[in-house]
Amino acid sequence: MKIKRAIHSFHDTRIHACLYFIAPTGHSLKAIDLVCMKKLDSKVNIIPIIAKADCIAKNELHKFKIKIMSELVSNGVQIYQFPTDDETVADVNSTMNGHIPFAVVGSNEFVKVGSKNIRGREYPWGTVQVENEAHCDFVKLREMLIRTNMEDLREQTHTRHYELYRRCRLAEMGFEDSDVNITEIVEQNRADLDELQHQEDEMRQKFVHRVKDKEAELKEAEKQLHAKFDNLKKQHADEKKALEEKKKLLEEDANTFGRRKQMIEQTNSTSGSSLGGKKKK
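Read on for an overview of the structure. (Residues numbered from 1 in each chain as written. Predicted model: local features only at pLDDT ≥ 70, side-chain atom pairs only at ≥ 80, totals over all residues. Heavy atoms only, no water.)

### A word on the pairing of strand E6 (residues 126-129)
Inspection of the sheet shows strand E5 (residues 116-123) paired to E6 by four bridges, in the antiparallel sense. Paired with Tyr123 across the bridge in E6 is Gly126. Connecting E5 to the antiparallel partner E6 that follows it, the hairpin turn spans two residues. (Pairing = 2+ DSSP bridges. Helix = DSSP H or I, 4+ residues; strand = E, 2+ residues; numbered from the N terminus.)

Here it is in structure tokens:
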């Protein structure tokens, strides 16, 4: 699958060069350096650089460079090589490839050498000038990166590293065939998304209807419970009223019985008194 994009039409945020600094041990590369560069060589253009090159003697530095390149080749680490297919820069690039890895010296300070202030590092035994090609490879590195091979670095990033990344990502998504029409894939994905959206809407509608039906059932059950409660409350009130009426009737009967009893007692008392008076006469 190949898609042509107008790279010049948008801001390119990709990394076009990785300057990998190596400690000036003078012996060999560390295992972590080899592992790290092996992980990076398929993602970015790696340019190995020996840092603090003023810490190592010239003859040791030359042997150290040969040792580094030998270890990189034996471990299969693919570093960036300046292109030699262009006749205009073939000679200089071929020469500069022989200087890899570049040995540089850095400094934030300016020192006075003769009548000029130059960037360098001052030691008791002398001054190391950053931009002096006899002292370090800083100028060579700057020329190769900025003035001679910047466009090639960008092209390598696009045609090699980004292309490899793009293929891996497409493979992860399941696109293996190089003849796949991206428009058809996009349309198919859009159709699938529409179908999923339609199914989601149907499920949402069904869910809403089920919720409404359940709410109606709950309201009906609540209504029935309220009606049953009102009926029971009315029955209780009627029973209470009937009991109160029976109680009132019983109280009236008791009062009537009490009055009748009192009248009978009074009558018996009066009759007894009359009989007693006749016997005395």
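The structure having been displayed, the exposition proceeds.
### Quick notes on the packing of aromatic side chains
Going through the model one piece at a time under the given rule, you end up with four aromatic pairs. Ring centres 6.1 Å apart and planes at 50° place the aromatic pair Phe82 and Phe102 in the tilted group. Of the two residues, Phe82 is situated in the loop between helix H2 (58-74) and helix H3 (90-97) and Phe102 in strand E3 (residues 102-103); the sequence distance between them amounts to 20 residues. What makes Phe82 buried here is its relative accessible area of 2%. Between Tyr162 and Tyr165, the aromatic rings sit 6.1 Å apart at their centres with planes inclined by 40°, giving tilted as the arrangement. Of this pair, Tyr162 and Tyr165 both sit in helix H5 (residues 150-172), three residues apart, roughly one helical turn. Judged by its relative accessible area of 26%, Tyr162 is partly exposed. By the ring-pair criterion, three or more aromatic residues cluster together here, those being Tyr80, Phe82 and Phe102. (Phe/Tyr/Trp six-rings, centres within 6.5 Å; stacked < 30°, edge-to-face > 60°. Buried < 20%, exposed > 50% of the residue type's maximum accessible area, 1.4 Å probe, protein only.)

### Points about the sheet that holds E5
If you trace the three strands from one edge of the open sheet to the other, you get E4-E5-E6, paired in antiparallel fashion. Every interior strand has two partners, whereas the edge strands, strand E4 (110-113) and E6, have only one. Going across the sheet, the axis of each strand differs from the next one's by a mean of 70°, ignoring polarity. (Axes fitted to C-alpha atoms, helices over the stretch in contact; angles between N-to-C directions.)

### Comments concerning a nonpolar patch on the surface
A surface patch of nonpolar side chains, about 240 Å² in accessible area, is lined by Phe207, Val208 and Val211. Residue position: Phe207 is located in helix H6 (residues 182-280). Among the residues examined, Phe207 registers a relative accessible area of 56% and is labelled exposed. (Patch = residues over 30% accessible without salt bridge, like charges linked within 9 Å, V, L, I, M, F, W, Y side chains within 5 Å. Areas by Shrake-Rupley, 256 points an atom, 1.4 Å probe, with all protein chains shown as cover. Salt bridge = Lys/Arg side-chain N within 4 Å of Asp/Glu carboxyl O.)

### Points about H3
Looking at H3, one finds that the buried residues are Ala90, Asn93, Met96 and Asn97. Across the axial projection of H3, the buried residues extend over an arc of 135°, all falling on one side. Of the surrounding elements, those touching the buried residues of H3 are E3 and helix H4 (138-148). (Arc of directions from axis to C-beta. Contact = heavy atoms within 4.5 Å.)

### Overview of the nonpolar core
Ranked by internal contacts, the top residues of the largest apolar core, which has 34 residues, are Leu72 and Phe102. When residues of this core are traced back to their parent elements, those giving at least two are strand E1 (18-22), helix H1 (31-40), strand E2 (46-50), H2, E3 and H4. The contacts of Leu72, once residues within four sequence positions are left out, are Leu29, Leu34, Met37, Pro48, Val77 and Ile79. (Core = buried A, V, L, I, M, F, W, Y, C linked by side-chain atoms within 4.5 Å.)

### Some remarks on the sheet that holds E2
Strand order in the open sheet formed by three strands is E1-E2-E3, with parallel pairing between adjacent strands. Of all strands in the sheet, those with a lone pairing partner are E1 and E3, marking the two edges. Sheet topology places E2 next to E3; two bridges connect them, and they run parallel. Its bridge partner being in E3, Ile50 is matched across the sheet by Ala103. Relative to E2, H2 is tilted by about 150°, and along the sheet it contacts E1, E2 and E3.

### Points about the state of the cysteines
Summed over all chains, the structure comprises zero disulfides. The thiol sulfur of Cys18 is not disulfide-bonded, and the nearest other cysteine sulfur, from Cys36, lies at 7.3 Å. (Disulfide = S-S within 2.5 Å.)

### Observations regarding unusual backbone geometry
Pro101 follows Ile100 through a cis peptide bond whose omega is 0°. Mapped onto the elements, Pro101 comes out in the loop between H3 and E3. In this structure, Lys52 is a non-glycine residue whose phi angle is positive, near 50°.

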